[in-house]
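Structural description and commentary
The residues making up each chain are set out below.
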Amino acid sequence: MNVQGVRRARGSTIVLFLVLSFLVLGAYLAVYWIGFVQMGHHSIERSVYRILGLNALLILGPIVGVLLWYEKLSLQDIGIVWRKLPFAMLVWVGIWLLIQGIELVAGLLLQGNAEIDPMWSGSVLAIIALLVGHLVGTALYEEMAFRGFLLRQCFLRFHRWTKKTQVLSAAVAILVSQLAFTLFHVPWKLMTQGWSASTVGALCGVLLTGIVYSLLYVRTDNLFLVMGIHALGNAPTSLIAPS
């Protein structure tokens with residue numbers, strides 16, 4: 001894991017960051033539940049407003065307020081390296097095109113035909129806004145918070161404390177940071193699904209995707225690339241649907 005030049009944050013700052021993140025999430029979900037932020041007439045529009053509203057608060061509070069202003073970390077300390085953005089954008093486009101190609105071929109082979117996905121018959125701008133909302137909202141915050149910041153801070157501490165190999169330290173750091181990532185999703189899952197076997201399964205899926213995103217970040221050292229894949233995972237915006 002590349003942590004060269006990354007400044008180690010104080011333990012109290014990490015705790016403050018996590019506590020504030022959960023408080024912002026809880027407060028937003030409370031006002032969302034009672035209907036104060038139910039903006040937009042279309043379901044996709046409401047999703048975009050919810051995503052952007054919540055993640056704007058999370059970025060301004062825990063990220064900007066705690067990490068950048070209070071702790072005086074740099075953007076590079078939380079994984080933002082601007083020179084890596086152009087390559088990541090090329091990968092995003094390539095993956096999206098690959099998905100469309102796979103779905104087109106699957107439709108032709110399995111059904112003998114393929115057509116434009118019905119969701120595009122509605123508001124095209126709303127669908128694009130949903131993908132962009134996930135990219136600059138959910139994916140931006142969660143990747144900076146749980147991969148760019150927390151994962152590397154855990155690695156710095158575990159490697160220093162245990163003096164073990166980088167592989168073992170990275171494995172423990174991934175597990176601990178992604179457990180926090182999973183816990184962060186618990187309030188929303190409980191509010192929308194209640195406590196059930198399906199909720200537990202969904203949270204296991206969150207943990208698994210968090211681990212996959214972490215491994216991808218460790219392998220590529222490009223947080224922008226992971227953000228794009230994260231956004232596509234949340235909002236695939238498939239153009240082709242089997243007929």
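Anything mentioned here points back to the structure above.
Below, the structure is looked at part by part. (Residues numbered from 1 in each chain as written. Predicted model: local features only at pLDDT ≥ 70, side-chain atom pairs only at ≥ 80, totals over all residues. Heavy atoms only, no water.)

1. Structural notes on the nonpolar core
Heads up, the condition is: What we call a nonpolar core is a set of buried Ala, Val, Leu, Ile, Met, Phe, Trp, Tyr and Cys residues that are connected through their side-chain atoms within 4.5 Å. Throughout, exposure labels follow a simple rule: accessible area from a 1.4 Å probe, protein chains only, divided by the maximum for the residue type, with under 20% read as buried, over 50% as exposed, and the rest as partly exposed. A run of DSSP states H or I qualifies as a helix once it reaches four residues; a run of E qualifies as a strand once it reaches two. Both are numbered from the N-terminal end. Whether two residues touch is decided by their heavy atoms; if any such pair falls within 4.5 Å, the residues are in contact.
Judged by nonpolar contacts, the single largest core of 50 residues is most densely connected at Tyr141 and Phe149. Put simply, the parts of the chain that give this core at least two residues each are helix H1 (11-33), helix H2 (43-70), helix H3 (85-110), helix H4 (124-162), helix H5 (166-193), helix H6 (197-220) and helix H7 (223-234). The leading source of residues in this core is H4, at 12 residues. Filtering out sequence-adjacent residues up to four positions away, phenylalanine 149 remains in contact with Ala9, Ile14, Phe17, Leu67, Leu73, Ile78 and Met144.

2. As for the packing of H6 against H7
Here is the rule we go by: Here the axes come from fitting lines to C-alpha atoms, over the contacting stretch only for helices, and the angles between their N-to-C directions go from 0 to 180 degrees. Roughly parallel means an angle under 35 degrees; roughly antiparallel means over 145; roughly perpendicular covers 65 to 115; every other angle is labelled oblique. Note on convention: the crossing is left-handed when the near helix lies turned anticlockwise from the far helix by less than a right angle, right-handed when the turn is clockwise. Any residue outside Ala, Val, Leu, Ile, Met, Phe, Trp, Tyr, Cys, Pro, Asp, Glu, Lys and Arg is labelled polar, Gly included; the first ten of those are nonpolar and the last four are charged.
The interhelical angle for the contact between H6 and H7, taken along N-to-C directions, is 155 degrees, at an axis separation of 9 Å. Looking at the two axes, H6 sits roughly antiparallel to H7. H7 is crossed by H6, and the crossing has right-handed handedness. Facing H6, whose interface residues are Tyr213, Leu216 and Tyr217, H7 presents Leu223, Leu225, Val226, Ile229, His230 and Gly233. When the residues that make up the contact of H6 with H7 are grouped by side-chain class, the tally is seven nonpolar, two polar and no charged.

3. Focus: H6
Note the cut-off: Helix span is expected to be 1.5 Å times the residue number reduced by one.
Between its first and last C-alpha atoms H6 spans 35 Å; for 24 residues at 1.5 Å apiece the expected length is 34 Å, and the two agree. Among the residues making up H6, those that are buried are Thr199, Leu203, Val206, Gly210, Tyr213, Ser214 and Tyr217. Phi turns positive one or two residues past the end of H6, at aspartate 221, with a value near 55 degrees.

4. Some remarks on the side chain of threonine 182
In this fold, threonine 182 is placed in helix H5. Residues contacting threonine 182, with those up to four places away along its chain left out, are Leu203, Val206 and Leu207.

5. Some remarks on the packing of aromatic side chains
The test is simple: Note on ring pairs: Phe, Tyr and Trp rings are taken, using the six-membered ring of Trp, and paired if centres are within 6.5 Å. Classes follow the plane angle, with under 30 degrees stacked, over 60 edge-to-face and the rest tilted. Two thresholds decide whether a charge sits over a ring: the Lys NZ or Arg CZ must be within 6 Å of the ring centre and within 35 degrees of the ring normal.
Enumeration according to the criterion identifies seven aromatic pairs in this entry. Ring geometry for tyrosine 141 versus phenylalanine 146: centroids 6.3 Å apart, planes at 90 degrees, classification edge-to-face. Residue classification places tyrosine 141 among the buried residues on the basis of a relative accessible area of 0%. Given a relative accessible area of 1%, phenylalanine 146 falls into the buried group. Among the aromatic side chains, those forming a connected cluster through ring pairs are Phe22, Tyr141, Phe146, Phe181 and Phe184. Sitting over the ring of tryptophan 69, lysine 72 keeps its end group 5.5 Å from the ring centre. The ring of phenylalanine 181 has arginine 147 lying over it, and the distance from NZ or CZ to the ring centre is 4.3 Å.

6. Things to note about the pattern of salt bridges
Condition: By convention in these notes, a salt bridge is any Lys or Arg side-chain nitrogen within 4 Å of a carboxyl oxygen on Asp or Glu.
Inspection of every chain in the model, using the stated rule, returns four salt bridges. Across the pair arginine 7 and glutamate 71 runs a salt bridge whose closest N-O atoms are separated by 3.9 Å. Of this pair, arginine 7 sits in the segment before H1 while glutamate 71 sits in the loop between H2 and H3, and the two are 64 residues apart along the sequence. Assessed through its relative accessible area of 34%, arginine 7 is described here as partly exposed. Its salt-bridge partner being glutamate 71, residue arginine 10 comes within 2.8 Å of it at the nearest N-O pair. Taken as a pair, arginine 10 in the segment before H1 and glutamate 71 in the loop between H2 and H3 lie far apart in primary sequence, 61 residues in all. Classification of arginine 10 as partly exposed rests on a relative accessible area of 42%.

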